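What follows is the residue order along each chain.
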Amino acid sequence: MGYSGSAILPLHSGRAPRWLFYRMVSLAECITDIIIDEYSSIGLLERLSDPWFFQSLACVLGYDWHSSGTTTVTCGALKEALGRENVPVTVCGGKGKTSLRTPQEIRQMAEVYGLSSHKTDSLVYASRMSAKVDNSLVQDSYQLYHHCTLFDEKGNWIVIQQGINEEKGNARRYHWGLEHRGFMDDPQGAILCPTKIDRTLNMSSKKSEANRKTCLDLVKDNPLKLRKELAEPVEKNQSRLDEWTGRKILVMPRSVNWDAVRKAYEFQPRTYQEFVSRKGIGPGTIRGLSLVAELIYGDKASWKDPVKFNFAFGGKDGVPFPVDRKSMDQAVDMLKQGIRSSPLDREDQRRALKRLRKCVPETLPGLETVF
């Protein structure tokens, strides 16, 4: 799915002051205009889907460099900046209840861009399925609360969304890039994240393919038999699971939506993706069916967190790969150009350049050629 990465960010409360947000929008207008002029709308979408560039942009705009607000406020500033007339890229959605208006906003802007009804429906579906994958198929304990779909006048799109984990006190950001191959079989690509979550059910993994097929067969067969099997006391079911696995990582959920499963059975979905895209098929139902498929039929699912330790431009020690100096220099130069072309006064520009400097690794040789 062109899933380009994610980032872990600590939770910070509070709001961006109006005076700061105004400056963020003003600077975002200059930077996005320059990128669109130089590289077209595709170039802007490609860069915003890159976790490192997005983080650097957030630093330059001035809100914060590592908090959960980095995502929500930066996306808000981009939405304002790209909301002007005759801009070929738009941002739909946002934080909390605003995210629920994403489909409506997509349809409104698709009409402005003159996109076909088929293309419009595809954008709405992509928005909904990317959220379904990160919130329900990848059960990493992060609950989505922010979702933005960005697309251009030709229908090219990316998604930036964020989940929250109150217990761990941080947020995880997910980037969906331009290369769209589907929503199953390891849609995840390079991911920027310092930690992994143990025992994460990942039904979007290629390793879960057999499990997904069995789940679909269970749904297309009479689900009454499945419900009867699971109607035994919870303690007995869990005892069987623990005895079979030898460890307590398979916990049968109590929240299987049997009404949604029944409706899916009547519909007879052709694929697992078609099944999980249906209304009412949430994390509990997905997990319950997966555990039955693994326990009774032996078709194992992936329990590995898809998050990878990665950085967009590599590391100074060549880990995970050598630094891509050319890409880093191009990104920095582009942001510097946007800062210097902005209507901000000289002092505000100086502060923005200073914040950008903090985003670039200090130990890289030859930084004097960049700053």
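This text goes with the structure placed above it.
What counts as what
Residues numbered from 1 in each chain as written. Predicted model: local features only at pLDDT ≥ 70, side-chain atom pairs only at ≥ 80, totals over all residues. Heavy atoms only, no water. Axes fitted to C-alpha atoms, helices over the stretch in contact; angles between N-to-C directions. Helix = DSSP H or I, 4+ residues; strand = E, 2+ residues; numbered from the N terminus. Parallel < 35°, antiparallel > 145°, perpendicular 65-115°, else oblique. Left-handed = near helix turned anticlockwise from the far one by under 90°. Contact = heavy atoms within 4.5 Å. Nonpolar A, V, L, I, M, F, W, Y, C, P; charged D, E, K, R; others polar. Core = buried A, V, L, I, M, F, W, Y, C linked by side-chain atoms within 4.5 Å. Buried < 20%, exposed > 50% of the residue type's maximum accessible area, 1.4 Å probe, protein only. Pairing = 2+ DSSP bridges.

With that settled, the discussion passes to the packing of helix H4 (residues 102-113) against helix H5 (residues 117-137). Relative to each other, H4 and H5 sit at 155 degrees, their axes nearing to 10 Å. With respect to H5, the element H4 is oriented roughly antiparallel. Crossing of H4 against H5: the hand is right-handed. From H4, Thr102, Pro103, Ile106, Arg107 and Ala110 reach across to H5, where they touch Thr120, Asp121, Leu123, Val124 and Ser127. Residue classes in the contact of H4 with H5 are distributed as five nonpolar, three polar and two charged.

Ranked by internal contacts, the top residues of the largest apolar core, which has 45 residues, are Leu137, Phe151, Met203, Tyr272, Phe275 and Val276. A total of six residues in this core trace back to one element, the largest contributor, which is H5. When sequence neighbours within four positions are dropped, the list of residues in contact with Leu137 reads Lys132, Met184, Leu201, Asn202, Met203, Ser204, Tyr272, Val276 and Ile286. With 31 residues, the next largest nonpolar core counts Leu48, Leu61, Cys75 and Val87 among its residues.

Unlike most non-glycine residues, Ser141 shows phi in positive territory, near 80 degrees. Inspection of the secondary structure assignment puts Ser141 in the loop between strand E3 (138-139) and strand E4 (143-152). Look at Arg199: it is not a glycine, yet its phi comes out positive at around 55 degrees. Here Arg199 is to be found in the loop between strand E6 (170-176) and strand E7 (201-202).

A few words on the pairing of E4. Summarising burial for E4: nine of the ten residues are buried, a large majority. The pairing of E4 with strand E5 (residues 157-165) spans eight bridges and is antiparallel. Opposite Gln143, over in E5, you have Ile164 as the bridge partner. Between the antiparallel neighbours E4 and E5 lie four residues, among them Gly155 with a positive phi of about 95 degrees.

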